[in-house]
Amino acid sequence: MDYFDRFAIPHPSPAIYASMVAIGLTMIAIVIGLTYFKKWGYLWSEWLTTVDHKRIGIMYLISALLMLFRGGVDALMMRAQTAVPDNKLLDAQHYNEVFTTHGVVMIIFMAMPFIYALMNLVVPLQIGARDVAFPRLNALSFWLFFMGAMLFNISFVIGGSPDAGWTSYFPLAGNDFSQSVGTNYYLIAIQIAGIGTLISGINFIATIFKMRAPGMKLMKMPMFTWTALITNAIVVFAFPVLTITLLLGTMDRLFGTHIFSMTNGGMDMLWANLFWVWGHPEVYILVLPAFGIYSEVISTFSRRNLYGYKSMVASIVIISFMSFLVWMHHFFTMGQGPLSNSIFSITTMAIAIPTGIKIFNWLLTMRKGKIEFTVPMLYSVGFIPIFTIGGVTGVMLGMASADYQYHNTMFLVAHFHYTIIPGVVFAMLAGLTYWWPKMFGFMLNERIGKWAFWFVAIGFNVTFFPMFFTGLDGQARRMYTYSEATGFGPLNMLSFAGAIGLAIGFALIVYNVYYSTRHASRDIGSDPWNARTLEWATQTPVQSYNFARTPQVDSIEAFWDYKKNGKPLFKGEIEKIHMPNNSGMPFIMSCIFFVWGFSLVFSMWIPAIITTIAIFACLAHRSFEKDDGHYVSVEEIEATEKDWEVLADENR
Amino acid sequence: MSELFPRKQVMGFVFSLVLTAAALTVYFLDVSFTVGITILLATAFVQAAVQLVGFMHVGENEDKTMIYMNIYYGLAIALFTIFGTLLIMVWDM
Ligand code: HEM
Ligand SMILES: [Cu+2]
């Protein structure tokens, strides 16, 4: 039995045992349900093997929402623990595990898939393409991400969660100070998901460069596509750094090297440095797609074209470059001299300028517009003041000398939530509501949506604004409790109340999905928001081939021109369409990756070697496989397209 | 005849051999660490450039400017990261 001891949890508690049982029961329920309803075949042929960007997008979306739930429960646990002084709900060890998994889950396994969900769903449609450039790689990206996420999530019931923070600084995360396998999970799960992300980055750059509809010059691309392009460029430049950093960390933990150790010639601060070389660009990877979504939403619901298109493009390009020049602001207090602190202070403050330009552009877009406060628009308008607070406090943190005061306090925690929540969560909710009808063929209820918005927006501010004060008063982050004498009690209680408000908001969103699925009208046409870009020129729900005929574009808002000035979008005859075949390989290969990761986490070398060979075998199989895809015939296309308005319109 | 002879490729091949030999001298000659690393870095970068231009045809494509821009962008980021790290971790510590 000794062999199995390693899978035991080092710090068990009733809550963890309860979750083990819950996970076990859910899995059994899923298996029984699928068997009972005879859905295995459907699941396999329609989802697990799909290469359709829209379906992959939906799978990303579901995973992101699940992870949002998981991270949200972590967050509530932390807020509950700190709500009153000297609380005993969680002990120090559990608190460490909870804030670590909260951070990792939210950034790597919630925000990233959410972004890729929307990019998958929207980018090919916006540029008038039939799929991404490499559909099968796209499926591989998703499944690698998914298996990484699952591997990370089983840590708390098998072997123990990581507990060294989402930044996982060595030497703390090294074997000497973190003996459980938790940090192995961190290193390897993120590695697997990260490979998926890097592949997506390449895939989307190729898609956007090579697959745009005829006439869509770079400077005629919709804003969301622009931000997707630049985001993926940052991914391609930043993620290799993460890959190597994680690899070096893995070497230290599994193979006894001394890269990040304090003795034997290791450089103990190098992890922090490398982590943030990836980490700061990563925060812009998170926020740029949001900028794109807001640009689309604000221009649609102000009924005006986007103000300052060129300056928008210029500022995202500048942001993408500058995001690589500021990483040191995360460790001003590490002990280097004033020269480097000053240089990075200046670059940090400079990056606020292009961001400011964008804020003004959105404001000017709304000026004199006929604004319609739909749910996506509410999130977009709410974003502007909240994100500005986040940016302004960021500039405060960016002054190295002042940062000695703020660093690692709740003030910092408040700052980054004031940027990430409006900059990712609000944007994703706006995008979700906005593109929902395109994905699912009905709209989410506006009334419930607005209630949810107010709960989220107010709940958010009530949760995080008090942290600015407790932080300035000296409450450190990542501390599991504090004494009554500090006086932090009341404001932390207020934070907890806000967190409950946020939770209600998210519950309302879930309820809204349920409610609208049952009650919403299915008869909404293909363009319910009266929008401006090409994704609305498709049928709802979108056909597997997206466009029967490739659209011809000659302006930034081709679909708007078509609607207002009757400029034809689709010309010529319908021809047969070449589409890629489904494939089970991405899923199978990712399952092997999962076993590989699990074996490495527990240093089980034999399965690790076997799975490594199996992974290479999958690659080899792909190289020799012949798969030319298939054609959709003209008759089939004509049959599916015949009742559809845009086409019918043109044939009049 | 002259069109048939892959002059550029042969020159590139010879040049890359020369560069490899130059890098190899670091092992055989007894030079100091700094000199050795300088030679290695210089030959590595020139080698990469030879491969890109000579054999991977970066300049022979309609997307030429795009590709060059990407390379410069990547180089700029890489250099900034490396020298930034050196500054933070070594020179200014
Ligand atoms: C005006 C732009 C911004 C400036 C000047 C800025 C500045 C800073 C500085 C100086 C820190 C480190 C503070 C410390 O550790 O003491 C920091 C932390 C952080 N910022 Fe920002 N920031 C900006 C925008 C953003 C955006 C847009 C995001 C994300 C979408 C973001 C996410 C974060 C995160 C996640 C951390 C903390 C990470 C950690 O230590 O766990 N920031 N920011
Ligand atoms: Cu940063």
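Note that the structure is predicted; figures quoted are calculated from it, not measured. Throughout this document, residue positions are counted from 1 along each chain, in the order its sequence is written. Here every chain gets a letter starting at A, and every ligand a number starting at 1, in the order they are written. Note on the predicted model: pLDDT of at least 70 is required for a residue's local features to be given, and 80 or more for side-chain atom pairs to be given and counted; whole-chain, interface and lining totals, by contrast, use all residues. Side-chain calculation: all heavy atoms of the structure are included, whereas hydrogens and water are not.

1. Thoughts on the nonpolar core
All names here are of chain A.
Then, number 1: Core analysis: the largest hydrophobic core is formed by 190 residues, its most contacted members being Phe109 and Trp362.
Then, number 2: Ranked by the residues each element gives to this core, the list is headed by helix α9 (residues 270–302), at 20 residues.
Then, number 3: We call two residues contacting when some pair of their heavy atoms lies within 4.5 Å. The contact partners of Trp362, leaving out residues within four places of it in the chain, are Phe291, Tyr294, Ser295, Ile298, Leu306, Met312, Phe383 and Ile384.
Then, number 4: Here, nonpolar core refers to any group of buried Ala, Val, Leu, Ile, Met, Phe, Trp, Tyr and Cys residues whose side-chain atoms link them within 4.5 Å. Summary of the burial criterion: residues with accessible area below 20% of their type's maximum are buried, those above 50% are exposed, and those between are partly exposed, where the area comes from a 1.4 Å probe applied to protein chains only. Core analysis: the next-biggest nonpolar cluster, separate from the first, contains 7 residues, Tyr545, Ile574, Ile577 and Val632 among them. Strands here mean DSSP runs of E at least two residues long; helices mean DSSP runs of H or I at least four residues long; both are numbered from the N terminus.

2. Thoughts on the site of ligand 1
All names here are of chain A.
Then, number 1: Around ligand 1, the structure places 23 residues, and the nearest of them are Trp166, Asp403, His407, His415 and Arg477.
Then, number 2: In protein, a polar contact means a hydrogen-donor-capable atom and an acceptor-capable atom, both N or O and within 3.5 Å, with residues adjacent in sequence counting only if both atoms are side-chain atoms; elsewhere, any N or O pair within 3.5 Å suffices. Within the side chain of Trp166, a nitrogen or oxygen atom sits 2.9 Å from an oxygen atom of ligand 1.
Then, number 3: Asp403 has a polar side-chain atom sitting 2.6 Å from an oxygen atom of ligand 1.
Then, number 4: Elements supplying a minimum of two residues to the shell around ligand 1: α9, α13 (375–398) and α15 (410–440).
Then, number 5: Of the residues forming the shell around ligand 1, the biggest block, 6 residues, is contributed by α13.
Then, number 6: Tallied by class, the residues present in the shell around ligand 1 amount to 12 nonpolar, 9 polar and 2 charged. Here a residue is near a molecule or strand as soon as one of its heavy atoms is found within 4 Å of it. Polar here means any residue other than Ala, Val, Leu, Ile, Met, Phe, Trp, Tyr, Cys and Pro, which are nonpolar, and Asp, Glu, Lys and Arg, which are charged; Gly is therefore polar.

3. Regarding a negative patch on the surface
Then, number 1: Patch members must show over 30% relative accessible area and no salt bridge, and they are joined within 9 Å when carrying like charges or within 5 Å when they are nonpolar side chains of Val, Leu, Ile, Met, Phe, Trp or Tyr. For the area figures, the Shrake-Rupley method with a 1.4 Å probe applies, and any residue is considered shielded solely by the protein chains shown. The salt bridge definition used is simple: a Lys or Arg side-chain nitrogen within 4 Å of an Asp or Glu carboxyl oxygen. Counted charges follow a simple rule, with Lys and Arg positive, Asp and Glu negative, and His plus the chain ends left uncounted. Throughout, a charge is located at the NZ atom of Lys, the CZ atom of Arg, the CG atom of Asp or the CD atom of Glu. A surface patch of negative charge is lined by Glu573(A), Glu575(A), Glu635(A), Glu636(A) and Glu638(A).
Then, number 2: Here Glu575(A) is to be found in the loop between α18 (558–565) and β1 (577–579).

4. What about helix α4 (residues 53–82) of chain A?
One turn of the α-helix equals 3.6 residues, which is why residues spaced by three or four share an orientation.
Then, number 1: Here the expected span of a helix is defined as 1.5 Å times the quantity of residues minus one. Here α4(A) is 30 residues long and its end C-alpha atoms lie 43 Å apart, about the 44 Å a rise of 1.5 Å per residue gives.
Then, number 2: Its side-chain oxygen at 2.9 Å from the backbone nitrogen of Lys54(A), Asp52(A) defines the N-terminal cap of α4(A).

5. Some points on the environment of Gln93(A)
All names here are of chain A.
Then, number 1: Within the element layout of this structure, Gln93 appears in helix α5 (residues 92–126).
Then, number 2: In this structure the C-alpha to C-alpha distance between Gln93 and Tyr511, which are 418 residues apart in sequence, comes to 35 Å.
Then, number 3: Aside from chain neighbours lying at most four places away, what touches Gln93 is His11 and Asp163.
Then, number 4: A distance of 2.8 Å separates polar atoms of two side chains, one belonging to Gln93 and the other to Glu97.

6. A short note on the packing of α4(A) against α5(A)
Working note: a packed helix pair is described by the angle between its axes plus the distance between those axes.
Residues and elements named next belong to chain A.
Then, number 1: What counts as an axis is a line fitted to C-alpha atoms, over the stretch in contact for a helix, and the angles between N-to-C directions run from 0 to 180 degrees. Closest axis-to-axis distance for the α4/α5 pair is 7 Å, and the angle between their directions is 155 degrees. As summarised for this structure, α4 and α5 are arranged roughly antiparallel, according to the angle between their axes. Viewed along their axes, α4 and α5 form a crossing whose handedness is left-handed. By the definition adopted for this analysis, an angle is roughly parallel if under 35 degrees, roughly antiparallel if over 145, roughly perpendicular if from 65 to 115, and oblique otherwise. Handedness of each helix crossing follows the sense of rotation of the near helix against the far helix: counterclockwise by less than a right angle gives left-handed, clockwise gives right-handed.

7. What to know about helix α7 (residues 182–210) of chain A
Then, number 1: Across its 29 residues, α7(A) extends 42 Å between first and last C-alpha, which sits within 8% of the 42 Å expected from 1.5 Å per residue.
Then, number 2: Along α7(A), 24 of the 29 residues are buried, which leaves the element largely enclosed by surrounding structure.

8. Quick look at the UniProt feature "transmembrane region" (unreviewed entry) in chain B
Residues and elements named next belong to chain B.
Then, number 1: In this structure's numbering, the residues bearing the UniProt feature "transmembrane region" (unreviewed entry) are residues 12–29, 35–59 and 71–91.
Then, number 2: Secondary structure over residues 12–29 splits into 94% helix and 0% strand, and the C-alpha atoms at its two ends are 26 Å apart.
Then, number 3: Within the segment residues 71–91, helix and strand shares are 100% and 0% respectively, and the terminal C-alpha atoms sit 28 Å apart. UniProt positions are given in the numbering used here, feature names are shortened, and annotations may be inferred rather than shown by experiment.

9. Thoughts on the coordination of the iron atom of ligand 1
Then, number 1: For the iron atom of ligand 1, the protein contributes exactly one donor atom, His415(A) (NE2), at 2.2 Å.
Then, number 2: Within the secondary structure, His415(A) sits in helix α15. Sites may look incomplete because water is not among the atoms; the donors themselves are N, O and S atoms within 2.8 Å of the metal, or within 3.2 Å for Na, K and Ca.

10. Side note on the coordination of the copper ion (ligand 2)
Residue and element names in this part refer to chain A.
Then, number 1: For the copper ion (ligand 2), every protein donor is listed as His280 (ND1), His329 (NE2) and His330 (NE2), and the spread of their distances is 1.8 to 2.1 Å.
Then, number 2: Here the donor residues for the copper ion (ligand 2) map to a single chain with the spacing H-x48-H-H.
Then, number 3: Separating the copper ion (ligand 2) and the iron atom of ligand 1 is a distance of 4.5 Å. In this pair, His280 sits in helix α9 while His329 sits in the loop between α10 (309–322) and α11 (338–350), placing the two residues 49 residues apart along the sequence.
Then, number 4: Given a relative accessible area of 14%, His329 falls into the buried group.

11. Topic: the pattern of salt bridges
Residues and elements named next belong to chain A.
Then, number 1: A full pass over the atoms with the stated rule returns 10 salt bridges over all chains.
Then, number 2: For Glu446, the salt bridge is made with Lys450, and the minimal N-O distance between the two is 3.9 Å. Note that Glu446 and Lys450 are positioned in helix α16 (residues 446–472) at a spacing of 4 residues, about one turn of the helix.
Then, number 3: Among the residues examined, Lys450 registers a relative accessible area of 30% and is labelled partly exposed.
Then, number 4: Overlapping salt bridges bring together Arg136, Arg622, Glu625 and Asp627 as one network.

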